[in-house]
Amino acid sequence: MNPRVTLATTRRILQQLRRDPRTIALLLVLPTALTAVLRYVFDDDQAVFTRVGPLMLGIFPLATMFVVTSVATLRERTGGTLERLMTTPLAKLDLLLGYALAFSVAAVAQIAVLLPVSLLLLGLEVEGPLWALVLVAVLVAVLGVALGLLGSAFARTEFQAVQMFPALILPQVLLCGLFAPRDSMGPVLGLLSDLMPLSYAVDALRALAVEPGFGSGQAVDTAVIAGVALAALLVGAATLPRRTG
Amino acid sequence: MVNSCVRVSGLHVVRGGREVLHGISFDVPRGQVLGLLGPSGSGKTTLLRAIVGVQVVASGSVDVLGAPAGDRSVRGRVGYATQSPAVYGDLSVRENLAYFADVLGLPRGAVAEVIERVDLAAHADRVVGALSGGQRGRVNLAAALLGGPELIVLDEPTVGLDPVLRERLWALFHELAAEGAALVVSSHVMEEAGRCDRLVLLREGVVLADATPAELRAGTGTDDLDQAFLRLVRQEAQA
């Protein structure tokens, strides 16, 4: 691993992103627009939005970053640039961290739109510190990048790559506590829920919405998200083959 | 010090459950342009991929610059250009090459140098996706030349190019060889064979001949290398 190569990779990915204004617009606008829709879906019952709204800070960045990363990596593979890079001194972790850093920048921008709009225009109320919300949201976005990289390290075709979304992300959304409280789940689902990193983001965001500080519980949740993201990057780097058949 | 830049010996490669290279052996010394000739499907690309170390190999060995192909110590000393351009279509020529130069740890001057070499200075700030196929191919080639690699592996670099440009590229290949690099250049067009210092003819995953163009002409009794190839195939079938 070499920080120079990692940062060069980050810069290159951001340059590519800059050439694609429509993707930037979608990344910035989509989560906010969907959160706004959610707000008006529960127009009659503001309490539901107060309960569910903060969780969107975790779910939307995870989903968008996962999809963008999967496709970007797939393009790198089918375009032959991945093979070219594999003949250079670039370490696989340089590539993966390069992606993680670049899309973290995108995630910060995404949250910089989502958070103010939610708080000021959609009437979202949170008691906890803003920096903690941003931290959790960015870490979840990095988790999305890491899982996207891991998923596409396994996928060999476009069809497999797109199905990584329902395979890796939807179960997390179902079991994270958005639809039913986690402690009401049976032992099997409860265990699965405990194994899914998004559950910890939802726990942290839910607590930050109602408690004024950043407690040890949220610190643990945050550490779990960061740990899983890092582990996914390392496993992704290990599973990405330098040689193919 | 090893004299061979590339030493392939007894190389077998299996792809999709089928053996596509059946025990390939040859050497490439420094300063030589080796032409890897053969029809489409003969295993040229697979062999090149084995040399640059991105191909899973069933048995045999490929040594490059004194180390196993793909070894950490040789990555960055080997330039590789795939047949279809492996560059970022949404970046400019300069941005593409600057990235690959950063990956190789090269100074900024390296980028301008290769842009000049492949004659793309006038297009350096254009987005690669907006270039013609031939220009894109040259960006791909420029990326393979970054940092003055000791071994340059080019997969069909002249396909689809006009004769003037093809002439210029072959002159460039010999220039690079004269500077001390070894080049392995694949082609399925026999008329290009005459431009190489030495030829390895590949057919259905076996080496049909390993000779200079002159030796090949003499051995088959024809001046036409296309005919020479056909005669070799016929001799092989009879044997």
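Computed from a predicted structure; not experimentally measured. (Residues numbered from 1 in each chain as written. Chains lettered and ligands numbered in written order. Predicted model: local features only at pLDDT ≥ 70, side-chain atom pairs only at ≥ 80, totals over all residues. Heavy atoms only, no water.)

1. Quick notes on a nonpolar patch on the surface
Residues and elements named next belong to chain A.
So, step 1. A surface patch of nonpolar side chains, about 490 Å² in accessible area, is lined by Val188, Leu189, Leu191, Leu192 and Leu195.
So, step 2. Tracing the sequence through the fold places leucine 191 in helix H10 (residues 187–195).
So, step 3. Taking the relative accessible area as the measure of exposure, leucine 191 reaches 52% and is therefore exposed. (Patch = residues over 30% accessible without salt bridge, like charges linked within 9 Å, V, L, I, M, F, W, Y side chains within 5 Å. Areas by Shrake-Rupley, 256 points an atom, 1.4 Å probe, with all protein chains shown as cover. Salt bridge = Lys/Arg side-chain N within 4 Å of Asp/Glu carboxyl O. Helix = DSSP H or I, 4+ residues; strand = E, 2+ residues; numbered from the N terminus. Buried < 20%, exposed > 50% of the residue type's maximum accessible area, 1.4 Å probe, protein only.)

2. Looking at the packing of aromatic side chains
Each pair of aromatic rings is reported with the distance of its centres and the angle of its planes.
So, step 1. In the structure shown here, the tally under the stated rule is seven aromatic pairs over all chains.
So, step 2. Residues Phe66(A) and Phe165(A) carry aromatic rings whose centres are separated by 6.0 Å and whose planes lie at 55 degrees to one another, so their mutual orientation is tilted. Of the two residues, Phe66(A) is situated in helix H4 (residues 56–78) and Phe165(A) in helix H8 (residues 158–168); the sequence distance between them amounts to 99 residues.
So, step 3. Positioned above the aromatic ring of Tyr40(A), the side-chain terminus of Arg39(A) is 4.7 Å from the ring centre.
So, step 4. Positioned above the aromatic ring of Phe100(B), the side-chain terminus of Arg84(A) is 5.4 Å from the ring centre. (Phe/Tyr/Trp six-rings, centres within 6.5 Å; stacked < 30°, edge-to-face > 60°. Lys NZ or Arg CZ within 6 Å of the ring centre and 35° of its normal.)

3. Observations concerning the state of the cysteines
So, step 1. One pass over the structure, following the stated rule, counts zero disulfides over all chains.
So, step 2. The thiol of Cys5(B) is unpaired, and the distance to the nearest cysteine sulfur, on Cys196(B), comes to 16 Å. (Disulfide = S-S within 2.5 Å.)

4. Some words on the packing of helix H6 (residues 92–121) of chain A against helix H7 (residues 130–154) of chain A
Residues and elements named next belong to chain A.
So, step 1. Two numbers describe how H6 lies on H7: the axes approach to 8 Å, and their chain directions differ by 140 degrees. In terms of axis orientation, H6 runs oblique to H7. For the crossing formed where H6 meets H7, the hand is right-handed. Across the interface between the two elements, Leu96, Tyr99, Ala100, Phe103, Ser104, Ala107, Val108, Ile111, Leu115 and Leu119 of H6 pack against Leu130, Leu133, Val134, Ala137, Val138, Ala141, Val142, Val145 and Leu149 of H7.
So, step 2. Tallied by class, residues from the contact of H6 with H7 come to 18 nonpolar, one polar and no charged. (Axes fitted to C-alpha atoms, helices over the stretch in contact; angles between N-to-C directions. Parallel < 35°, antiparallel > 145°, perpendicular 65-115°, else oblique. Left-handed = near helix turned anticlockwise from the far one by under 90°. Contact = heavy atoms within 4.5 Å. Nonpolar A, V, L, I, M, F, W, Y, C, P; charged D, E, K, R; others polar.)

5. Description of the interface of chain A and chain B
So, step 1. Between chain A and chain B, the residue contacts involve 28 residues of the former and 33 residues of the latter.
So, step 2. Summed over both sides, the interface between chain A and chain B buries roughly 2700 Å², with carbon and sulfur atoms accounting for 50% of that surface.
So, step 3. Ranking the residues of chain A by area buried against chain B places Arg84(A), Thr87(A) and Arg243(A) at the top, with a combined share of 28%.
So, step 4. Taken together, the connections running from chain A to chain B amount to five salt bridges.
So, step 5. Counting the contacts that link chain A with chain B gives 21 residue pairs in polar contact (both at pLDDT 80 or more).
So, step 6. Contributions of two or more residues to the side of chain A that touches chain B are made by helix H1 (3–18), H4 and helix H5 (81–86) of chain A.
So, step 7. The leading source of residues in the side of chain A that touches chain B is H1(A), at nine residues.
So, step 8. In terms of residue class, the side of chain A that touches chain B is built from seven nonpolar, 10 polar and 11 charged. (Buried area = accessible area lost by both parts, 1.4 Å probe. Polar contact = N/O pair within 3.5 Å; in protein donor to acceptor, adjacent residues only side chain to side chain.)

6. Considering unusual backbone geometry
Glycine aside, the phi torsion of most residues is negative, and most peptide linkages are trans.
Residues and elements named next belong to chain B.
So, step 1. With phi around 65 degrees, aspartate 119 is a residue other than glycine that occupies positive phi space.
So, step 2. Locating aspartate 119 in the fold gives a position in the loop between helix H3 (109–117) and helix H4 (133–145).
So, step 3. Phi is positive for glutamate 204, which is not a glycine, with a value near 45 degrees.

7. Looking at H1(A)
So, step 1. With 16 residues, H1(A) should cover 22 Å at 1.5 Å per step; its first-to-last C-alpha distance of 22 Å lies within 8% of that length.
So, step 2. Within H1(A), burial applies to Val5(A), Thr6(A), Ala8(A), Thr9(A), Thr10(A), Arg12(A), Ile13(A), Gln15(A), Gln16(A) and Leu17(A).
So, step 3. Residues of H1(A) that are buried make contact with helix H2 (21–41), H4, H5 and H6 of chain A together with helix H2 (93–104) of chain B. (Expected span 1.5 Å × (residues − 1).)

8. Observations regarding the sheet that holds strand S1 (residues 4–15) of chain B
Residues and elements named next belong to chain B.
So, step 1. Taken together, four strands build an open sheet; the order of strands is S2-S1-S4-S5 and the sheet is antiparallel. Only two strands of the sheet have a single partner each, and these edge strands are strand S2 (18–29) and strand S5 (67–68).
So, step 2. Alignment of strand S4 (residues 59–64) against S5, held across two bridges, turns out to be antiparallel. When the bridges of S5 are listed, aspartate 63 appears paired with proline 68.
So, step 3. Along the sheet, helix H1 (residues 44–52) makes contact with S1, S2 and S4, crossing S1 at roughly 125 degrees. (Pairing = 2+ DSSP bridges.)

9. A look at the sheet that holds strand S9 (residues 198–203) of chain B
The strands that make up a sheet pair up through hydrogen bonds in the backbone, lying either parallel or antiparallel.
Residues and elements named next belong to chain B.
So, step 1. Spatially, the six strands line up as an open sheet ordered S6-S7-S8-S3-S9-S10, and their pairing is mixed. Looking along the sheet, the strands with just one partner apiece sit at the ends: strand S6 (78–81) and strand S10 (206–211). The mean inter-strand angle of the sheet, taken between neighbouring strand axes irrespective of direction, is 15 degrees.
So, step 2. Where S6 and strand S7 (residues 151–155) come together, four bridges link them in parallel fashion. Following the sheet pairing, alanine 81 is matched in S7 by leucine 154.
So, step 3. Contacts between H4 and the sheet are confined to S6 and S7, with S6 contributing the most and set at about 165 degrees to the helix.
So, step 4. Most of the contacts of helix H5 (residues 163–178) go to strand S8 (residues 182–187), to which it runs at about 155 degrees, and overall it touches strand S3 (33–37), S7 and S8.

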